[in-house]
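Below, each chain spelled out in residue letters.
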Amino acid sequence: MKPGLGIALRSTVFPPHLIPGMVPELDPTFSNLWFPSVSARFDALDMCGLSLGASRRLIAGTGVIRLHEQDLGRLASRVDTLSQGSLNRFILGVGTGSLRGRTALDQLVVLTKKLRTGYPKTPKIPVYFAALGPRMVRAAFENADGVLLNFCSPRYASGVTSREAGTKKDKFQVACYVKLFFAESEAESRRMLANEFASYDAIPQYHKMFEAMGITRTLEDFRDHREVSDSDIAGEISEISLSNPSRKELRQLLEKFREAGVDSPVVYPYVAGSDDFRLGVALRLRDWLK
């Protein structure tokens, strides 16, 4: 199983009733779909099931669920069903959520090992760890099949993964969410981007990552200004995320991630507007990235 280009379908943007019809339309361009666990209303595993049933080729993954909140016995049964029912096209993406530090990392490793004893060893269901820093990346290299990065620049992605290159397991995959913000108004799309950065900067783990990327001063400006200009999201910010991008801008950014060693860049659209506008954005991404 080798993911290539992915798309994240956030349930607050693309709710369940849109998924069965959308997936066949996305099939020609993308090789993998990811379902972030962002809403108490919609279950990421069920969203994967909807998408896997609508395609015979696409891979689907949870991106990510918090393993310490799960009943491992029940989870093992569900992921085994998804994997066998889709002929091994399911990826289990897991993370620590709000838990931090070495204890959280060790707990994730232990729970992953316990989970894997709950379903048949053949075929092996791929597990990806959500990672922000080098310690979690190393844990993923040692205990998982892939790593899922989020909201970082190509330079940062290369830095936290390259140090493990000498010990990288065969077929290990590096995926990375590339967040994109779309609205009919340019000003609104920029506000969406700025608000998302500011929201994530309030999370200690992300603040530390943003510090390492040298963008915290810019994020302070995001919090201080109501209107966000093009110049505010230039430079390093535009190496991480884009608002209402052009086809050329998007393709250039994804190529930078590939050059940085990301096996599977995953476009992650946030879209403000009607269902028709949201579907239009998804199809635009499909056509731009063929």
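The following refers to the structure shown. (Residues numbered from 1 in each chain as written. Predicted model: local features only at pLDDT ≥ 70, side-chain atom pairs only at ≥ 80, totals over all residues. Heavy atoms only, no water.)

### With respect to the overall build of the protein chain
Moving on, step 1. Helix and strand counts for the protein chain stand at 11 helices and 10 strands.
Moving on, step 2. Seen along its three principal axes, the alpha-carbon backbone of the protein chain occupies a region of about 55 × 40 × 35 Å.
Moving on, step 3. In the protein chain, which comprises 290 residues, the share counted as buried stands at 55%.
Moving on, step 4. Considering only contacts in the protein chain between residues 6 or more positions apart, those separated by 24 or more positions represent 75%.
Moving on, step 5. Element-wise, carbon and sulfur atoms account for 47% of the exposed surface of the protein chain, whose accessible area totals about 13000 Å².
Moving on, step 6. Of the side-chain charges in the protein chain, 39 are positive and 33 negative, and the distance between the mean point of each set is 6 Å. (Helix = DSSP H or I, 4+ residues; strand = E, 2+ residues; numbered from the N terminus. Buried < 20%, exposed > 50% of the residue type's maximum accessible area, 1.4 Å probe, protein only. Contact = heavy atoms within 4.5 Å. Areas by Shrake-Rupley, 256 points an atom, 1.4 Å probe, with all protein chains shown as cover. Lys, Arg positive; Asp, Glu negative; His and termini not counted. Charge placed at Lys NZ, Arg CZ, Asp CG, Glu CD.)

### Focus: the side chain of S86
Moving on, step 1. Turning to its location among the elements, S86 is positioned in the loop between α3 (72-85) and β5 (90-95).
Moving on, step 2. We classify S86 as buried; its relative accessible area is 2%.
Moving on, step 3. A distance of 3.3 Å separates the side chain of S86 from the backbone oxygen of S83, its partner in a polar contact. (Polar contact = N/O pair within 3.5 Å; in protein donor to acceptor, adjacent residues only side chain to side chain.)

### A few points about the packing of aromatic side chains
Moving on, step 1. This structure, assessed with the given rule, holds 12 aromatic pairs.
Moving on, step 2. Plain terms: the ring middles of F151 and F197 are 4.3 Å apart, the flat faces sit at 25° to each other, and that makes the pair stacked. Placement of the pair is F151 in the loop between β7 (146-150) and α6 (154-162) and F197 in helix α7 (residues 186-201), with a sequence separation of 46 residues.
Moving on, step 3. F151 sits in the buried class, given a relative accessible area of 0%.
Moving on, step 4. Residue classification places F197 among the buried positions, given a relative accessible area of 0%.
Moving on, step 5. Taken together, a centroid distance of 4.6 Å and an interplanar angle of 85° make the contact between Y200 and Y206 edge-to-face.
Moving on, step 6. Among the residues examined, Y206 registers a relative accessible area of 12% and is labelled buried.
Moving on, step 7. Here the aromatic cluster, defined as three or more aromatic residues joined through ring pairs, consists of F151, F197, Y200, Y206, F210 and F222.
Moving on, step 8. The lysine or arginine in question, K179, covers the ring of F151, its NZ or CZ lying 4.7 Å from the ring centre.
Moving on, step 9. Over the face of the ring belonging to Y268 we find K179, whose NZ or CZ atom lies 5.1 Å from the ring centre. (Phe/Tyr/Trp six-rings, centres within 6.5 Å; stacked < 30°, edge-to-face > 60°. Lys NZ or Arg CZ within 6 Å of the ring centre and 35° of its normal.)

### Here's the deal with the packing of α3 against helix α4 (residues 101-116)
Moving on, step 1. Packing of α3 against α4 leaves a shortest axis separation of 9 Å and a crossing angle of 60°. The orientation of α3 with respect to α4, classified from their angle, is oblique. Crossing of α3 against α4: the hand is right-handed. Together, L72, L75 and A76 of α3 and L111, K114 and L115 of α4 make up the contact between the two elements.
Moving on, step 2. Here the contact of α3 with α4 is composed, by residue class, of 5 nonpolar, no polar and 1 charged. (Axes fitted to C-alpha atoms, helices over the stretch in contact; angles between N-to-C directions. Parallel < 35°, antiparallel > 145°, perpendicular 65-115°, else oblique. Left-handed = near helix turned anticlockwise from the far one by under 90°. Nonpolar A, V, L, I, M, F, W, Y, C, P; charged D, E, K, R; others polar.)

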